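Analysis of the macromolecular model
Each chain, written out:
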Amino acid sequence: MPYIHARPATASFSGKGLLGYTFGNLQQKDMEMYYVEVEKGHDVFMVSKKITRTYYVVEGSGYFTIDGQRYDVGPGMVVEVPPKVEYCYSGKMTLVILSRPRWFRGNDTFTKWNPDVVGPEAACAIEPEPQIARLIRWRLRGKSPVNAWLRWNQRLWDRLPGSLTASGPIRRYGDLLHTMARLQGNRAQALATLFLRNRPELEMLRRLVQQKEKGARLNVTVLACSTGAEAYSIAWTIKTVRPDLQLKLRAVDISREAVAHARGGVYPLGTLQLSGTQVLESVTPAERENIFDINGDQATVKPWIRKGIEWHVGDAGDPETAAAFGPQDFVIANNFLCHMEPPDAERCLRNIARLVAPKGYLFVSGIDLDVRTKVARDLRWEPLQDLLEEIHDGDTYLRRYWPSRYAGLEPLNKKRKDWRIRYAAGFQMRGTATASALQPEVVHDELPQDPRADLALAECDHAVGG
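This text gives an overview of the structure that appears in the document. Treat the numbers as computed from the prediction; the structure is a model and nothing was measured.

**Some remarks on the environment of Gly 408**
With respect to the helices and strands, the residue Gly 408 is situated in the loop between α15 (396–400) and α16 (419–422). For the pair Gly 408 and Arg 182, spaced 226 residues apart in sequence, the C-alpha to C-alpha distance is 9.2 Å. Beyond its immediate stretch of four places on either side in the chain, Gly 408 contacts His 178, Leu 398, Tyr 401 and Trp 402.

**What about the nonpolar core?**
In terms of nonpolar packing, the biggest core is built from 54 residues, with Phe 195 and Leu 249 touching the most fellow members. The element best represented in this core is helix α7 (residues 229–241), accounting for eight residues. Apart from the residues lying within four places of it in its own chain, the contact partners of Phe 195 are Ala 229, Tyr 232, Ser 233, Tyr 267, Val 279, Leu 280, Ser 282, Val 283, Phe 292 and Val 301. Counting 35 residues, the second-largest nonpolar core is a separate cluster that includes Ala 324, Ala 376, Ile 421 and Met 429.

**Notes on the pattern of salt bridges**
Enumeration according to the criterion identifies 31 salt bridges in this entry. Among the ionic pairs, Glu 310 bridges to Arg 250, the shortest N-O distance being 3.4 Å. Of the two residues, Glu 310 is situated in strand β15 (residues 309–313) and Arg 250 in strand β11 (residues 246–253); the sequence distance between them amounts to 60 residues. As far as burial versus exposure is concerned, Glu 310 and Arg 250 are alike and both buried. Here Arg 416 makes a salt bridge to Asp 418, at a shortest N to O gap of 2.9 Å. The exposure class of Arg 416 is partly exposed, given its relative accessible area of 32%.

**Some thoughts on α7**
The α-helix advances 3.6 residues per turn, and as a result positions three or four apart in sequence lie on the same side. Compared with an ideal rise of 1.5 Å per residue, which puts 13 residues at 18 Å, α7 spans 19 Å between its outermost C-alpha atoms and is within 8% of the ideal. Burial of α7 is extensive: 13 of the 13 residues sit out of reach of the surface.

**Here we look at unusual backbone geometry**
Here the residue pair Arg 100 and Pro 101 is connected by a cis peptide bond, since its omega of -5° sits within 30 degrees of zero. Mapped onto the elements of the fold, Pro 101 is located in the loop between β8 (86–100) and β9 (108–113). Here the residue pair Trp 402 and Pro 403 is connected by a cis peptide bond, since its omega of 10° sits within 30 degrees of zero. Position of Pro 403 relative to the elements: it lies in the loop between α15 and α16. In this structure, Ala 224 is a non-glycine residue whose phi angle is positive, near 55°. Secondary-structure assignment places Ala 224 in the loop between β10 (217–223) and α7. Even without glycine at this site, Arg 380 takes up a positive phi of about 60°. With respect to the element layout, Arg 380 can be found in the loop between α13 (369–378) and β18 (382–383).

**A word on the sheet that holds strand β13 (residues 292–295)**
With antiparallel pairing, the three strands of this open sheet are ordered in space as β12-β14-β13. Of all the strands in the sheet, just β12 (266–268) and β13 have a single pairing partner and so form its edges. Across this sheet, the average inter-strand angle for adjacent strands is 30°, counted without regard to direction. Relative to strand β14 (residues 298–301), β12 runs antiparallel, the two sharing three bridges. Of the residues in β14, the one forming a bridge with Tyr 267 is Ala 299.

**Considerations on the packing of helix α12 (residues 342–353) against α13**
Interhelical geometry of α12 versus α13 gives an angle of 35° and a closest axis separation of 10 Å. α12 and α13 meet at a crossing whose hand is right-handed. Between α12 and α13, the contacting residues are Pro 342, Ala 345, Glu 346, Leu 349 and Arg 350 on the first element and Val 371, Arg 372, Lys 374, Val 375 and Asp 378 on the second. A class-by-class count of the residues in the contact of α12 with α13 yields five nonpolar, no polar and five charged.

**A word on the side chain of Asn 198**
Structurally, Asn 198 is set in the loop between α5 (168–184) and α6 (199–209). A polar side-chain atom of Asn 198 sits 3.1 Å from the main-chain carbonyl oxygen of Ile 391.

**Some details on the pairing of strand β16 (residues 328–332)**
In the case of a regular strand, side chains alternate between the two sheet surfaces. Summarising burial for β16: five of the five residues are buried, a large majority. As paired elements, β10 and β16 share three bridges and run parallel to each other. Across the sheet, Thr 221 pairs through a bridge with Val 331, a residue of β16. Relative to strand β17 (residues 356–363), β16 runs parallel, the two sharing four bridges.

So, how was this worked out
Residues numbered from 1 in each chain as written. Predicted model: local features only at pLDDT ≥ 70, side-chain atom pairs only at ≥ 80, totals over all residues. Heavy atoms only, no water. Helix = DSSP H or I, 4+ residues; strand = E, 2+ residues; numbered from the N terminus. Contact = heavy atoms within 4.5 Å. Core = buried A, V, L, I, M, F, W, Y, C linked by side-chain atoms within 4.5 Å. Buried < 20%, exposed > 50% of the residue type's maximum accessible area, 1.4 Å probe, protein only. Salt bridge = Lys/Arg side-chain N within 4 Å of Asp/Glu carboxyl O. Expected span 1.5 Å × (residues − 1). Pairing = 2+ DSSP bridges. Axes fitted to C-alpha atoms, helices over the stretch in contact; angles between N-to-C directions. Left-handed = near helix turned anticlockwise from the far one by under 90°. Nonpolar A, V, L, I, M, F, W, Y, C, P; charged D, E, K, R; others polar. Polar contact = N/O pair within 3.5 Å; in protein donor to acceptor, adjacent residues only side chain to side chain.

If you want it as structure tokens, here you go:
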């Protein structure tokens, strides 16, 4: 019998202003326990049908709105919310939540948005879930028949030859499976990441950076940076090819714990518990020597790569986050928008676009392609055609999830008339920037520059584009 239960490596659920983690299978079958990092609050007001929730405030402050009345809370306080009472909470807090009985689908009725999280313009009644979505998410004795069907199809799909899955009828069946997966899947943000995840995308970034004037200032923002692997990969790529540039790289994530780990720049040679991934699995021995200082079973990112990176806790969907940094030459927004419902992802992507300077570049993968295509057309983004196919297929994790997982990336289909914009993951912006130049309080790593950076291009150029 397990007596100790660890918090899972990845978030179990998420909202516009929080990340939540569910502890393991407790022996108390009628109780569930959560750990929640709240940056702004719960995005909706809700009413519980049968569950009583007890909230313990570990740190931070905020307030609960229960049955129309406001209650301010702080560390050490307990809030108990019984069934059949409308409530919500706002603030910046860390919460431990006890739910009795365990959560079950259909318990919570969402009544309206929380304006503290989504803004006053969205503070109206929530539209009911479409009937087809309710049908797909229906459960029999706590289990989803659709989910079991999707898992069976994925096992079968993985055994079929590529020539067969690419054929017209089978491909259309795959599209149907993926549509079902997107409607059925319980989306939640995850911290899974690794270094040099999409090499063709890094090669595209390298080519664009080479066009900059000598000694130019370069502003780069990496959104949903997780534990830092992508931000460090980008910093290494840029500093390797253009050590003369004045690089200012900002990395942002909603998880305070992930940002703290990223700032430290220390990674295990095996599995990183916080993300549940082997973050160095794609790094070659030569790259490992260039990027890290190895000490025992730990790898520390070299100081010259870490220099100049700012780490922020923030929400990419928050207009204040987008306005805080000023216009950016490059914005990287990979592998987190797919974990949002399409309307939320679209709003977030439109907000992210405000970060990009005129003629600047946005890279966005790991997103529902219908959402990205719609926004790109509406805002008249120019899709980058160079390395389009290579970048689309460059993230093997996303490709292997298709068609039976909501985060899966569909195979490129040149028979589509819109394929050049649908499958592009990189775009150049048109128009004018709208973000302000306000600067938030940051933690800035002031580390010495490694003189060997000037020689890194000759040593590592082939590795980035490989």
